[in-house]
Amino acid sequence: MAKGLQGFSWTMLLLFCAIQELGAWAMHTAVEGAGLGQPGDPALLAGGRVKRGWVWNQFFVVEEYTGTEPLYVGKIHSDSDEGDGSIKYTISGEGAGTIFLIDEITGDIHATERLDREQKTFYTLRAQARDRQTDQLLEPESEFIIKVQDINDSEPRFLEGPYIGSVAELSPIGTSVMQVMASDADDPTYGSSARVVYSVLEGEQHFTVDSKTGVIRTAVADLDRETQDRYEVVIRATDMAGQLGGLSGSTTVTIVVTDVNDNPPRFPQKMYQFSIVETAPVGTAVGRVKAEDSDVGENTDMTYQVKDEEGVEMFKVTTDSNTQEAVITVQKPLDYESKKVHTVVVEALNKFVDPRFVDLGTFRDQTIVRVSVLDVDEPPEFRPPSNLMEVQEDADVGSVVGVVTALDPDTANHPVRYAIDRSTDAERIFDIDANTGAIVTGKVLDRETAGWHNITVLAMEADNHSQVSRASLRIRILDVNDNPPELATPYEAAVCEDAKPGQLIQTISVVDRDEPQSGHRFYFTLAPEATNNHHFSLLDIKDNTAAVHTQRMGFNRQEQDVYLLPILVVDSGPPALSSTGTLTIRICGCDSNGAIQSCNSTAYVVSATLSPGALIALLVCILILVVLVLLILTLKRHHKSHLTSEDDEDMRDNVIKYNDEGGGEQDTEAYDMSALRSLYDFSEIKGGDGGGGPGEGGPSGNPASELHALPQWVQSPDLDFSVFRDYICRKVEQADEDLSVPPYDSFQTYAFEGSDSPVPSLSSINTWSSGSEQDFSYLGGWGPRFRQLAALYAGRRGEEDSEES
């Protein structure tokens, strides 16, 4: 706060006080003249006098007061105050009682704290005048404002700093770089406290600043990025329009000098040397060179090219876009024996040239690249590179087909040896002389079997077989006339019995496996053995075909139904070769239109009368018949009758499943209970047995004592179950053969039926006791379903009795 009062003197304060007193007097006069009443106010007097109201000074307070006593602000006074202390003055509102205090008697207002206009520019308060005795308002409450008067206590500040700007190098003087702006918190409407001017504290050798606008401009025209790429400029802002006593603030502005393409590329060296082996394949990189450019960014992008004719032919230069290097690669095969050193002129030039700086010089540079070719031990080379040879197919074994030649390209010129890659000539049709390279036939040739042969010939140094060269050789087998012509097919023709002389029967053509260069020419004639033939004639049409015609009127197939006509065919050679073929002519019966009806040959008639479609339809019908027969047999097998005699009664019907409990033995409507009742009819059982006395079968016998006659399950080692085994096996076989019937047959073991059952077991198969202790005659009363079982046990009982007797 003390700094904010620099330059403020007590003289100024006294001046302010005098102005305030003068304003208070003027205000008092105005108030007394005009009064506080409104038109029509009852307080207005008839003689023009008004009721007296509020009187106080215009209130201002200077900010940043540093005195020890409260700062006098002003005085409020009512014209009804006679100075006797009967009126009490009070204030309320912003800062009342804290910042501003009032003397209740005099109405003087003082500021007790330091005020800052930059924080609050004015305070609104309300004044009251009350009767000290009654505390009633003597004047209406009035609002007034205390304004904080500004002093120059805030320095200018650069709120947006620090600043970073840029300017292109070599820009002309006065080029705008950027604008800076400072802000002053003082009151711009009062004095010059907020009037700011700009100046350069550091960097004035290269830049200037406009004092009013803060625009920074270049002061020189030779800014060079390559020399200095950035500048730190300090800009100062001063208030009070730069006058003495004004406050100031500063900021640093970083100015970056951007690049322009004002530097050409330059090779660090005027000559580069590289070496490469002569066997390097095309596309191999020889080396890299790079021209340097002091510029940055796209201004350093450059391209390279070969300038001399020799270098353009042998080498290629490309630009690596990432490193901006020139990559020199081999464009044609190198040969140490032909040329050991190659000289290449490489030129570098910028891609983007700024026309403003063309006058600075050419933006390109050249360098010389010497490429030394290194000698290596190379494999032999075939000369000349022709890969086609020809040989007659009738050449003798060992005949020379041709000669291949290979030379060692090295200076030593080592001797060369030859061989054939047997993977390409597995049958060893050809051989080669290892020293001369002469290729000879190893087997008899046949053009008709293989007209071309592709073999690979190897050439290697005599003392170093690892240096091998390969050459593909195509051998063409030339044709000689060694195959006679033959009829194209075994011809057969048919002629009607009533044929007329000169009627065309068949057109004959031939084939020849040979391929003469001038083309085929065949001659047709009847064989010598057919010179006495008076039935048919042969006409050579001169287009390698011949026509057979009838030579007589009508034929009789009863006398002769087949004629064999031998035909002699001769080619044009050389040498001329011939063969004899036979034309089979059949005599057939025809209708009035000449259509063949029948011939003596059944096969021929069928082939002549049945078309392929008819044959297919016939085959389909036969296939349908076969399928129908098979279907009938299958259905008959699945639906065959399973009715058997009484001896072979199906035992599956004896197993019946009841899901209801029924009404017991009294319920005779659901099923027949007679068979079950017979188990307890002991008198009937004994009577039928014939072995018991009259007393045993009486009704007065104890039924419980008769239960011993029921079969019991006690296994006996001497029992013979072969009858049951055979019966069961027969039934199982029948069930297995009949696939349409579910498996009803099954075995169930009744191990224990419970202690309360009067009958321990109903099964007679597992009976253990001997037959002498049991009587199975009661089974006959169980109904027709158990008749076979009764017969079996009765027969078994009879056999046992006979054995015992």
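Undergrad: Where do I start with the overall build of the protein in this structure?
TA: When you go through the protein residue by residue, the secondary structure sums to eight helices and 40 strands. Considering the protein as a whole, with its 805 residues, one finds that 35% of them fall into the buried category. Partitioning the contacts of the protein with sequence separation of at least 6, the portion at a separation of at least 24 is 66%. Carbon and sulfur atoms make up 53% of the accessible area of the protein, which totals about 47900 Å².

Undergrad: Please explain the nonpolar core as it appears in this structure.
TA: One broad rule of soluble globular proteins: the nonpolar side chains tend to lie buried together. Counting 24 residues, the largest nonpolar core has Phe267, Val286, Tyr304, Phe315, Val346 and Val369 as its most contacted members. Residue assignment for this core shows that the elements contributing at least two residues are strand E16 (271-277), strand E17 (285-289), strand E18 (302-306), strand E19 (315-320), strand E20 (325-330), strand E21 (341-350) and strand E22 (364-374). Residues in contact with phenylalanine 315, not counting those within four places in the same chain, are Val286, Val306, Ile328, Thr329, Val330, Gln331, Leu334, His342, Val344 and Val371.

Undergrad: Looking at this model, I keep getting lost on the environment of proline 384. Mind explaining?
TA: Examined against the element boundaries, proline 384 turns out to sit in the loop between strand E23 (381-382) and strand E24 (388-392). Looking at proline 384, the relative accessible area reads 64%, which means it is exposed. Along the sequence, proline 384 and valine 404 sit 20 residues apart, while their C-alpha atoms lie 8.2 Å from each other.

Undergrad: Explain the pairing of E21 to me, please; I cannot follow it from the model alone.
TA: Looking along a regular strand, one sees the side chains alternate between the two faces of the sheet. Of all ten residues that make up E21, eight are buried, and the element is covered over most of its length. In this structure, E18 lies alongside E21, joined through five bridges in antiparallel fashion. Directly across from valine 306, in E21, lies its bridge partner valine 346. Bridging between E21 and E22 involves nine bridges; their strand directions are antiparallel.

Undergrad: Would you take a moment to explain the state of the cysteines for this structure?
TA: Here, the word disulfide means a covalent bond between the sulfur atoms of two cysteines. Summed over the entire model, instances satisfying the criterion amount to two disulfides. Disulfide pairing is shown between cysteine 496 and cysteine 590; the S-S distance is 1.9 Å. Judged by the sign of its S-S torsion, about -90 degrees, the cystine formed by cysteine 496 and cysteine 590 is left-handed. Of this pair, cysteine 496 sits in strand E33 (residues 492-496) while cysteine 590 sits in strand E39 (residues 578-590); the two residues are 94 residues apart in sequence, bridging distant segments of the chain. Looking at cysteine 496, the relative accessible area reads 9%, which means it is buried.

Undergrad: Can you help me understand the sheet that holds strand E37 (residues 545-550) in this one?
TA: The strands that make up a sheet are held in pairs by hydrogen bonds between backbone atoms, and each pair lies either parallel or antiparallel. Pairing is antiparallel across the open sheet formed by four strands, whose spatial order is E32-E34-E37-E36. Bordering the open sheet on either side are strand E32 (486-487) and strand E36 (536-540), each of which pairs with just one other strand.

Undergrad: Explain a negative patch on the surface here, please?
TA: Judged by side-chain charge, Asp394, Asp396, Asp446 and Asp482 come together as a negatively charged surface patch. For aspartate 396, the location among the structural elements is in the loop between E24 and strand E25 (400-403). What makes aspartate 396 exposed here is its relative accessible area of 56%.

Undergrad: So what exactly am I meant to see when it comes to unusual backbone geometry here?
TA: The bulk of non-glycine residues show a negative phi, and the bulk of peptide bonds are trans. The omega torsion of the bond from glycine 573 to proline 574 falls at -15 degrees, within 30 degrees of zero and hence cis. By the secondary structure assignment, proline 574 is in the loop between strand E38 (562-570) and E39. At arginine 428, a residue that is not glycine, the phi angle is positive and equals roughly 55 degrees. By the element assignment, arginine 428 lies in the loop between strand E27 (416-420) and strand E28 (430-432). Residue classification places arginine 428 among the partly exposed residues on the basis of a relative accessible area of 48%. The phi dihedral of asparagine 544 falls on the positive side, at around 70 degrees, and the residue is not glycine. Within the secondary structure, asparagine 544 sits in the loop between E36 and E37.

Undergrad: How do you make sense of the side chain of aspartate 262 when you look at a structure like this?
TA: Examined against the element boundaries, aspartate 262 turns out to sit in the loop between strand E15 (248-258) and E16. Buried and unpaired, aspartate 262 has arginine 225 as its nearest opposite-charge partner, separated by 6.5 Å. For aspartate 262, the side chain forms a polar contact with the side chain of asparagine 263, separated by 2.8 Å.

Undergrad: Mind showing me how you'd approach the side chain of glutamine 324 here?
TA: Locating glutamine 324 in the fold gives a position in the loop between E19 and E20. Of the polar contacts made by the side chain of glutamine 324, one reaches the backbone oxygen of serine 321; its length is 3.2 Å. Leaving out residues up to four positions away in the same chain, glutamine 324 has contacts with Lys290, Thr300, Asp301, Met302, Tyr304 and Thr319.

Undergrad: Any chance you could explain the confidence of the model for the protein here in plain terms?
TA: Interpreting fine coordinate detail is not advised for predicted regions of low pLDDT. Per-chain confidence: the protein averages 78 in pLDDT, with 75% of residues scoring 70 or above. For residues 1-53, every residue scores under 50 in pLDDT, and the model assigns this stretch 47 contacts once sequence neighbours within four places are set aside. For residues 642-653, every residue scores under 50 in pLDDT, and the model assigns this stretch 20 contacts once sequence neighbours within four places are set aside.

Undergrad: Before we go on, may I ask you to explain the packing of aromatic side chains in this structure?
TA: Per the counting criterion, the structure on display carries nine aromatic pairs. Relative to phenylalanine 144, the ring of phenylalanine 59 has its centre 5.3 Å away and its plane inclined at 70 degrees; by these criteria the two rings are edge-to-face. One end of the pair, phenylalanine 59, is in the loop between strand E1 (54-56) and strand E2 (60-62); the other, phenylalanine 144, is in strand E8 (residues 142-149), with 85 residues separating them in the sequence. The two residues phenylalanine 59 and phenylalanine 144 agree in class, both being buried.

Undergrad: Would you mind going over a nonpolar patch on the surface with me for this structure?
TA: The grouping of Ile616, Val620, Ile624, Leu625, Leu628, Leu631 and Leu635 at the surface amounts to a nonpolar patch, some 640 Å² of accessible area in total. According to the relative accessible area criterion, isoleucine 624 is partly exposed, its value standing at 46%.

Undergrad: Explain the pattern of salt bridges here, please?
TA: A pair can form between side chains of opposite charge whenever their charged atoms are brought close. Taken as a whole, this structure holds 25 salt bridges when the rule is applied. Between glutamate 155 and arginine 157 there is a salt bridge, with its nearest N and O atoms 3.5 Å apart. By relative accessible area, which is 25% here, glutamate 155 ends up partly exposed. Residue classification places arginine 157 among the exposed positions, given a relative accessible area of 53%. For the salt bridge of arginine 422 with aspartate 425, the shortest nitrogen-to-oxygen distance reads 3.0 Å.

Undergrad: Can you help me understand the sheet that holds E17 in this one?
TA: Within the open sheet, the three strands sit side by side as E17-E20-E19. Their pairing is antiparallel. Lying at the two open borders of the sheet, with one neighbouring strand each, are E17 and E19. Going from strand to strand, the sheet's axes swing by 25 degrees on average, the running direction of each strand aside. Note that E17 and E20 share four bridges and pair antiparallel. Bridging from a neighbouring strand, arginine 288 pairs with valine 327 of E20.

Each value, and the rule that gives it
- Residues numbered from 1 in each chain as written.
- Predicted model: local features only at pLDDT ≥ 70, side-chain atom pairs only at ≥ 80, totals over all residues.
- Heavy atoms only, no water.
- Helix = DSSP H or I, 4+ residues; strand = E, 2+ residues; numbered from the N terminus.
- Buried < 20%, exposed > 50% of the residue type's maximum accessible area, 1.4 Å probe, protein only.
- Contact = heavy atoms within 4.5 Å.
- Areas by Shrake-Rupley, 256 points an atom, 1.4 Å probe, with all protein chains shown as cover.
- Core = buried A, V, L, I, M, F, W, Y, C linked by side-chain atoms within 4.5 Å.
- Pairing = 2+ DSSP bridges.
- Disulfide = S-S within 2.5 Å.
- Patch = residues over 30% accessible without salt bridge, like charges linked within 9 Å, V, L, I, M, F, W, Y side chains within 5 Å.
- Salt bridge = Lys/Arg side-chain N within 4 Å of Asp/Glu carboxyl O.
- Lys, Arg positive; Asp, Glu negative; His and termini not counted.
- Charge placed at Lys NZ, Arg CZ, Asp CG, Glu CD.
- Polar contact = N/O pair within 3.5 Å; in protein donor to acceptor, adjacent residues only side chain to side chain.
- pLDDT = per-residue confidence, 0-100.
- Phe/Tyr/Trp six-rings, centres within 6.5 Å; stacked < 30°, edge-to-face > 60°.
- Axes fitted to C-alpha atoms, helices over the stretch in contact; angles between N-to-C directions.

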